[in-house]
Amino acid sequence: MKNKKLLIFLISNFLFSVSSNLVHPVTPTLIVERGLNSSMFGVAFAAMMFMYFLFSPFWGKLCNYLPSRKVFLIAAVGYAIGQVIFCMAYTEAMVIAGRMFGGIFCGGAYTAIMNQVVNTSGYDMKSCSKNLTTLATVQSVASACGYFIGGMLGLISVETAFIAAILLNIGVGAMVLLLWEDDTPYKVKPAGRLTFSQVNPFNAFADAKSFMTPLLFLVFALIAVSFLGQYSYEQCFNYYIKDQYGMTSAYNGVFKAVIALLSLVLNTTVCTYLQQKTDINKTFLYVMFAVTGLTLCALILKDKWMFIGVYIAFNSADVLRKPLLQSLAARQASPETSNSIMGFYQSMLSFGSIFGSFVAGVVYSKNPLMPFILAFIAFSVATVIGIIYRVMYVKMARN
């Protein structure tokens, strides 16, 4: 991916990540103002991610037949429609319906983004890892900016944040169609036509056997379990500070702005060093130890501001995990399997987020700290999987 094209790609991703996060800081306010059940903060997000999980392999398949930029446009418009439904919701059922509709298309957008990176990097793994790290940095900073802007817009009204998200989604979709490079020359188009059987999301999962290896299986398991921990922590925190501390959406936005700055520093220094100077098949494990330790600190420290400080430190460190896991999956891809592997990666991400968000929402009413306990358990299990992966990788490298 040449510099000019990479810049355009990153700008569009920045804007989309901003738009995707504008409504998150106002969701707790929407739930409280409209008198919805408190479990909705987790259950609705889990519903969205369930559809994300179910349809990501389909979007990966579709990327074999269409340019990634066209897939992104379709997904961005569909996601915007889902936000319209969510914004108009005054019942639990309508909230879930809006989130589920948006989840179908949200997975398509991120699958198209991942495929665009891998395909236009020409399967040069060093270039691909560098581009994935840069992408993760941009998305992390943009996500925090989206939280900050959404939190500020939420002070005007919940609807203001939604309107901004909807318009920006559609605008970015048009921008991508016009300005992204066509990645068709970089991939192998299947000989046959796309059939109903292929677009069946369950068949898409069955096709995983065509590219699955023992190491790749462990990578996907690590992705699923670690994202379970992340979303249990993340979704609970957003509601926790509103419910327990009475903080407005503006506080959430400020915290995310601080995280954005720290993430930018860590990704451009630590993550770049790990990607370029070390074997990430081994060194990713240090990051897993760090995020697991920080989730434990969230359970031990009782002071409000120390609790919030740990959350900021956790998110700043956790941003290193994502590009490393993306690279572990991408490095095992080929021109024939890359689109499917990236689609499956998105599914494993959403699989973890489904259970993390849903369980966090359900157990929160019993004990507000339960979601944080779940996060610690999930990261501990993910770290154990990471240890097994590293042992197996070292053993295979010697043979």
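These remarks concern the structure in this document. Predicted model, so just to flag it, every value in this text is computed and none were measured.

Section: the overall build of the chain
Part 1: Of the regular secondary structure elements, the chain holds 15 helices and zero strands.
Part 2: Against the compact-globule benchmark of 21 Å for 399 residues, the chain has a radius of gyration of 20 Å, which places it among compact chains.
Part 3: Counting only C-alpha atoms and orienting by the principal axes, one finds that the chain spans roughly 55 × 45 × 40 Å.
Part 4: For the chain, with 399 residues in total, the buried portion stands at 58%.
Part 5: Partitioning the intrachain contacts of the chain with sequence separation of at least 6 by distance along the chain shows that 87% fall at a separation of at least 24.

Quick look at a nonpolar patch on the surface
Part 1: There is a patch of nonpolar side chains on the surface, built from F148, I149, V254, V258 and L262 and spanning about 360 Å² of accessible area.
Part 2: Looking at the nonpolar patch, the elements with two or more residues in it are α6 (125-154) and α11 (249-277).
Part 3: The biggest single contributor to the nonpolar patch is α11, with three residues.
Part 4: Note on placement: L262 falls in helix α11.

Notes on helix α10 (residues 214-243)
Part 1: The terminal C-alpha atoms of α10, which comprises 30 residues, lie 43 Å apart, in line with the 44 Å expected from a rise of 1.5 Å per residue.
Part 2: In α10, a bend of some 30° at F237 exceeds every other bend along the element.
Part 3: Burial runs high along α10: 24 of the 30 residues are buried.

Structural notes on the side chain of D183
Part 1: Structurally, D183 is set in the loop between α7 (158-179) and α8 (196-199).
Part 2: Within the structure, the side chain of D183 is placed 2.6 Å from the side chain of S68, a separation counted as a polar contact.
Part 3: Once residues lying within four places of it in the same chain are set aside, the contact partners of D183 are P67, S68, N115, Q116, N119 and T120.

Thoughts on the pattern of salt bridges
Part 1: Under the definition given, this model contains three salt bridges.
Part 2: The salt bridge partner of K5 is E181, with a shortest N-O separation of 3.7 Å. Placement of the pair is K5 in helix α1 (residues 3-21) and E181 in the loop between α7 and α8, with a sequence separation of 176 residues.
Part 3: When the shortest N-O distance is used, the salt bridge between D318 and R321 registers 2.6 Å. Of the two residues, D318 and R321 both sit in helix α13 (residues 304-330), three residues apart, roughly one turn of that helix.

Observations concerning the nonpolar core
Part 1: In this structure, F72, F220, I223, Y233 and F284 are the most contacted members of the largest nonpolar core, which totals 99 residues.
Part 2: Among the elements that line this core, the one with the most residues is α10, at 16 residues.
Part 3: Filtering out sequence-adjacent residues up to four positions away, F284 remains in contact with L222, L324, L325, L328, G386 and Y389.
Part 4: Of all hydrophobic cores here, the second largest spans 20 residues; its members include I31, M40, V43 and A165.

Some thoughts on the environment of N64
Part 1: Mapped onto the elements, N64 comes out in helix α3 (residues 40-65).
Part 2: Taking the C-alpha atoms as reference points, N64 and T337, separated by 273 residues in sequence, lie 9.5 Å from one another.

Let's talk about the state of the cysteines
Part 1: Counting across every chain of the model gives zero disulfides.
Part 2: Among the cysteines around C63, which has no disulfide bond, C106 carries the closest sulfur, lying 14 Å off.
Part 3: You can see C145 has no disulfide; the closest cysteine sulfur is in C106, sitting 18 Å from it.

Digging into α13
Part 1: With 27 residues, α13 extends 40 Å from end C-alpha to end C-alpha; this agrees with the ideal 39 Å at 1.5 Å per step.
Part 2: With respect to burial, α13 is a largely interior element, 21 of its 27 residues being buried.
Part 3: Looking at where α13 begins, the residue whose side-chain oxygen comes 3.1 Å from the main-chain nitrogen of W305 is D303.

A look at the environment of A47
Part 1: In this structure, A47 sits in helix α3.
Part 2: What makes A47 buried here is its relative accessible area of 12%.
Part 3: Between the alpha carbons of A47 and L228 there is a distance of 14 Å; along the sequence they are 181 residues apart.
Part 4: If sequence neighbours within four positions are ignored, A47 has contacts with I96 and M100.

Things to note about the packing of α10 against helix α15 (residues 370-398)
How two helices pack is summed up by the angle between their axes together with the distance between the axes.
Part 1: Running from N to C, α10 and α15 cross one another at 160°; their axes reach a closest spacing of 8 Å. The orientation of α10 relative to α15 falls into the category roughly antiparallel. Here the hand of the crossing between α10 and α15 comes out left-handed.
Part 2: Residues of the contact of α10 with α15, tallied by class, amount to 26 nonpolar, five polar and no charged.

Calculation rules
Residues numbered from 1 in each chain as written. Predicted model: local features only at pLDDT ≥ 70, side-chain atom pairs only at ≥ 80, totals over all residues. Heavy atoms only, no water. Helix = DSSP H or I, 4+ residues; strand = E, 2+ residues; numbered from the N terminus. Rg over C-alpha atoms; globule rule 2.2 N^0.38 Å. Buried < 20%, exposed > 50% of the residue type's maximum accessible area, 1.4 Å probe, protein only. Contact = heavy atoms within 4.5 Å. Patch = residues over 30% accessible without salt bridge, like charges linked within 9 Å, V, L, I, M, F, W, Y side chains within 5 Å. Areas by Shrake-Rupley, 256 points an atom, 1.4 Å probe, with all protein chains shown as cover. Salt bridge = Lys/Arg side-chain N within 4 Å of Asp/Glu carboxyl O. Expected span 1.5 Å × (residues − 1). Bend = angle between axes of the 7 residues up to and from the residue. Polar contact = N/O pair within 3.5 Å; in protein donor to acceptor, adjacent residues only side chain to side chain. Core = buried A, V, L, I, M, F, W, Y, C linked by side-chain atoms within 4.5 Å. Disulfide = S-S within 2.5 Å. Axes fitted to C-alpha atoms, helices over the stretch in contact; angles between N-to-C directions. Parallel < 35°, antiparallel > 145°, perpendicular 65-115°, else oblique. Left-handed = near helix turned anticlockwise from the far one by under 90°. Nonpolar A, V, L, I, M, F, W, Y, C, P; charged D, E, K, R; others polar.

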